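# Residue-level structure breakdown
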Amino acid sequence: MPKTLAEVEEGRVVRIVDVVAGRGAAAMLYNLGLRPGARVEVVKSGPGPIVVRAEGSTFSIGRGLASKVIVEEE
Amino acid sequence: MRTVALAGPPNVGKTTLMSRLCRASLEVGNWPGVTVERRTCTYEFRGHRYRVIDLPGTYSLVATSEDQRITRDFLLDRLDERADVIVVVADALNLVRGVSLLLEIAELGRTRLVLAVNMMDEAERMDLDVDVRTLERRLRVPVVPLSAKRGTGIDRLKRAISDVVEGRVEPRPPRVDYPRPIRAAVRELRERIERELSEPRHRAEWLAIKLLEGDEDLLERLSRDLEDLPELVERIHRDLIETLDQDPRAAIKRARDELASEIVRAAISGRPALDRQARLDRVLTHPLWGGLLAGATITAVFAAAFYLGDLLSEPLEDALESLADRVSAALPEPWGGLLGDGILRGVGTVLAMYPYILVMLLLLTALEDSGYTARVAALLAGLLSRFGLHGKSVFPAMLSLACNVPGITGSRIIEDPRALVVTVLALPAIPCSARLSVIAYLTAQLPDPWRVPAAASIYAIAVLTFLGTAALLNRLLYGPAEPGLGTVIELPRLRRPHPGTVLRVAWLRSNEFLKKAGTVILAASIAIWALTRYPAPLGHGSAAELVGKALEPLIEPLLGLDWGGAVALLTGVLAKETVISTISTLHMRLSPDQAYVLALVSTLYLPCASTLGAIYTETESARLTALALLTNLAVATVMGALAHRLLALAGP
Ligand SMILES: Nc1nc2c(ncn2[C@@H]2O[C@H](COP(=O)(O)OP(=O)(O)OP(=O)(O)O)[C@@H](O)[C@H]2O)c(=O)[nH]1
Ligand SMILES: [Mg+2]
């Protein structure tokens with residue numbers, strides 16, 4: 001069942017299905033490798049920003065934006 | 001001379017590697033037309049001279065920021081120079097990114113490549129094994145493992161470079177295999193470009209790929225000569241979305257990344273032990289624990305700057321003082337006065353700030369290098385983006401606590417152009433160490449229990465002003481900000497800061513301040529000296545007094561300050577710390593209320609001359625610089641007037 005990146009439990013690995021954010025934010029996530037198809041590991045969920053790991057890099061993403069990233073659990 | 005370009009993702013050690021390759025002879029300049037630093041240096045190897053160019057870090061050749069545009073244009077030979085070899089620097093712990101970039105550069109037809117796998121020291125520490133042979137076999141380019149930090153593998157890299165230049169080794173990197181519909185689309189676009197723009201085939205192909213990847217800058221440039229290109233790209237794009245059932249940009253990048261990660265997977269074994277990092281990140285980005293820690297860290301930076309800065313600054317100040325005395329006694333008037341009292345004392349006041357600035361910059365740069373500042377940025381990103389700022393605005397804002405000038409220059413790391421402009425224009429509200437000294441000096445005149453709270457309240461007001469100004473400017477210039485943009489922060493690995501890097505960067509940053517001391521502030525000191533001396537000495541009708549008295553009817557009812565306050569503020573435009581010397585030269589007596597209002601207003605009003613200069617350099621716009629000036633002035637006046645009223649209401 002799809003959920004948003006903001007709702008994933010810590011330690012889970014998920015796959016990005018869709019990014020429903022604005023143009024700028026979507027492009028930026030895209031450039032960093034956070035795009036549909038990418039596998040990301042959620043290092044930290046709340047409170048505060050979400051921290052994820054993808055392709056060996058670590059990113060923090062604001063909760064608002066994270067809830068616009070649709071993911072599915074593997 | 002042979003030219004070697006260093007390319008690679010941000011923060012993988014290109015600049016560190018460069019200083020290893022050349023040891024000395026580093027030259028820092030700017031890329032043509034933009035204010036991104038351009039570093040080159042030269043070294044000699046087996047009787048040949050090599051020139052090394054450090055390209056700005058980039059994840060891909062689709063340009064999304066000024067820095068990335070430079071790297072791309074350089075690789076496209078648009079910048080009048082051409083590299084004989086391109087060394088792609090990759091992080092051993094994150095090889096996929098580097099390899100993917102290498103494949104992308106190879107697509108451009110630039111196959112004289114070397115892959116430098118940096119940070120091998122860290123990989124070893126984490127038991128991560130990189131099999132160089134496998135990488136070489138699959139990538140068919142020379143691969144050199146090294147540690148720029150330790151200086152290992154440097155000679156091997158030089159040998160690999162010369163092998164490629166001299167043709168002893170001929171790299172033949174693999175081509176990415178794109179899905180069939182994409183190949184067809186690329187062919188269609190390529191043929192148009194080849195035919196009508198007479199580009200060579202491989203370049204036309206590359207341009208076609210980049211257009212499908214959504215490079216708007218390229219599209220705009222190419223459509224100048226090929227008017228229907230946007231429509232054509234648009235149509236192909238739409239068709240592709242239908243046949244592929246996904247965005248072609250994603251499909252292209254994915255194909256490249258998949259090849260890269262397949263190659264890398266075959267070559268590495270062992271898994272980096274990142275879990276300690278993950279645990280740390282959980283704490284550092286936690287609103288409560290992370291927030292407390294950030295507060296404590298900043299307080300510690302201030303305390304250290306005060307303590308160490310005092311130690312260094314006092315002897316410096318004394319030396320300059322006695323030099324000024326001796327000079328003004330030794331030379332006939334007005335030269336003795338001009339040189340001793342005007343120039344030496346004026347520049348001296350500013351130079352005495354240098355130790356504080358240097359200590360703060362050293363500590364802040366060390367925090368940045370360790371990766372900690374990125375965590376603070378992550379923590380504050382949500383809040384900042386609500387005001388039209390970017391999480392990364394934290395980096396320049398922290399530097400601005402030492403000096404606004406390197407802060408403004410340091411804003412370049414913000415990718416979003418809107419947030420960049422807003423940050424640059426709002427930054428002057430952050431009190432630098434010069435203003436810290438004014439605040440400390442003036443609040444010292446308050447009765448005892450009020451000193452520290454008064455100083456703290458000025459900092460709090462300044463931070464609120466920073467946020468408020470940013471929100472206001474964002475509204476004025478651009479309208480509502482896109483939510484969430486600016487809340488994505490890459491968190492580099494936490495590590496012990498590297499002393500060499502920290503020293504070098506802090507030195508470069510503090511130099512920006514010294515340079516201004518030698519130019520703007522020199523001129524300012526002469527002007528102030530003349531204004532406070534002619535036509536009659538200060539206190540007896542000098543020009544500064546006359547202007548101050550002319551302003552008194554304005555400033556008295558508004559802020560409760562007399563002509564002396566006006567003069568202090570006027571001289572402070574040139575450099576904020578001169579507010580102090582003006583007050584003492586004028587023997588001003590200030591009531592506690594006046595001291596507080598003056599401290600607040602001199603913190604917030606016009607940015608000093610050096611800062612204005614930096615804003616202009618960075619925005620390249622007189623309009624925006626004027627806007628920064630006016631908003632600051634307006635906000636300071638309003639805040640000062642408010643403080644004056646409230647204090648008057650609160651009684652004596
Ligand atoms: N452990 C380790 N750290 C390194 C090595 N090389 C560089 N670093 C560190 O990595 C950080 C980034 O190095 P830079 O040389 O500034 O990286 P860069 O690629 O020039 O970065 P950009 O110019 O921002 O793209 C610094 O803190 C260096 O000290 C290395 O071989 N090992
Ligand atoms: Mg660099």
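Attention here is on the structure that accompanies the text.

Rules and cut-offs
- Residues numbered from 1 in each chain as written.
- Chains lettered and ligands numbered in written order.
- Predicted model: local features only at pLDDT ≥ 70, side-chain atom pairs only at ≥ 80, totals over all residues.
- Heavy atoms only, no water.
- 1 Å grid on protein atoms, 1.4 Å probe; cavity = no way out; pocket = protein on both sides within 12 Å on 5 of 7 lines; lining within 4 Å.
- Points joined across faces, edges and corners; volume = space filled by probe spheres on them.
- Helix = DSSP H or I, 4+ residues; strand = E, 2+ residues; numbered from the N terminus.
- Nonpolar A, V, L, I, M, F, W, Y, C, P; charged D, E, K, R; others polar.
- Core = buried A, V, L, I, M, F, W, Y, C linked by side-chain atoms within 4.5 Å.
- Buried < 20%, exposed > 50% of the residue type's maximum accessible area, 1.4 Å probe, protein only.
- Contact = heavy atoms within 4.5 Å.
- Near = heavy atom within 4 Å.
- Polar contact = N/O pair within 3.5 Å; in protein donor to acceptor, adjacent residues only side chain to side chain.

## A word on the layout of surface pockets
Residue and element names in this part refer to chain B. The computed volume of the second largest pocket comes to approximately 1100 Å³. The wall of the second largest pocket is formed by 43 residues, among which Arg-345, Thr-349, Ile-580, Ser-581 and Ser-584 lie closest to the centre. Elements with a contribution of two residues or more to the lining of the second largest pocket: α13 (287-330), α14 (335-351), α20 (433-443), α23 (520-531) and α26 (578-585). Each residue belonging to the lining of the second largest pocket can be placed in one class, and the counts come to 19 nonpolar, 15 polar and nine charged.

## Comments concerning the nonpolar core
Burial of nonpolar side chains together is a common tendency in soluble globular proteins. All names here are of chain B. If you look at the biggest cluster of nonpolar residues, it comprises 98 residues, and the most contacted ones within it are Leu-442, Phe-466 and Ile-583. When residues of this core are assigned to their parent elements, the largest contribution, nine residues, is made by helix α21 (residues 451-478). What Leu-442 contacts, discounting residues up to four positions off in sequence, is Ile-583, Leu-590, Ala-595, Leu-598 and Ala-599. Ranked by size, the runner-up nonpolar core spans 68 residues in total, among them Leu-95, Leu-108, Val-117 and Leu-212.

## Structural notes on the site of ligand 1
Residues and elements named next belong to chain B. Around ligand 1 lies a shell of 19 residues, among which Lys-14, Thr-15, Thr-16, Asp-121 and Asp-369 are the nearest. Between ligand 1 and the protein, one listed contact pairs an oxygen atom with a side-chain N or O atom of Ser-147 at 3.2 Å. Here an oxygen atom of ligand 1 sits 2.9 Å away from a polar atom, N or O, in the main chain of Ala-148. Sorting the residues of the shell around ligand 1 by element identifies α1 (14-22) and α4 (120-125) as the ones contributing at least two each. Here the element with the most residues in the shell around ligand 1 is α1; it accounts for three residues. Here the shell around ligand 1 is composed, by residue class, of four nonpolar, nine polar and six charged.

## Digging into empty space enclosed by the protein
All names here are of chain B. Within the structure shown, the criterion is met by three cavities of 30 Å³ or more. Taken as a whole, the largest cavity spans an internal volume of roughly 140 Å³. Lining of the largest cavity is provided by 17 residues; of these, Cys-403, Cys-432, Ala-434, Phe-513 and Cys-608 occupy positions nearest its centre. Where the lining of the largest cavity is concerned, the elements lending two or more residues are α18 (404-409), α20 and α28 (609-619).

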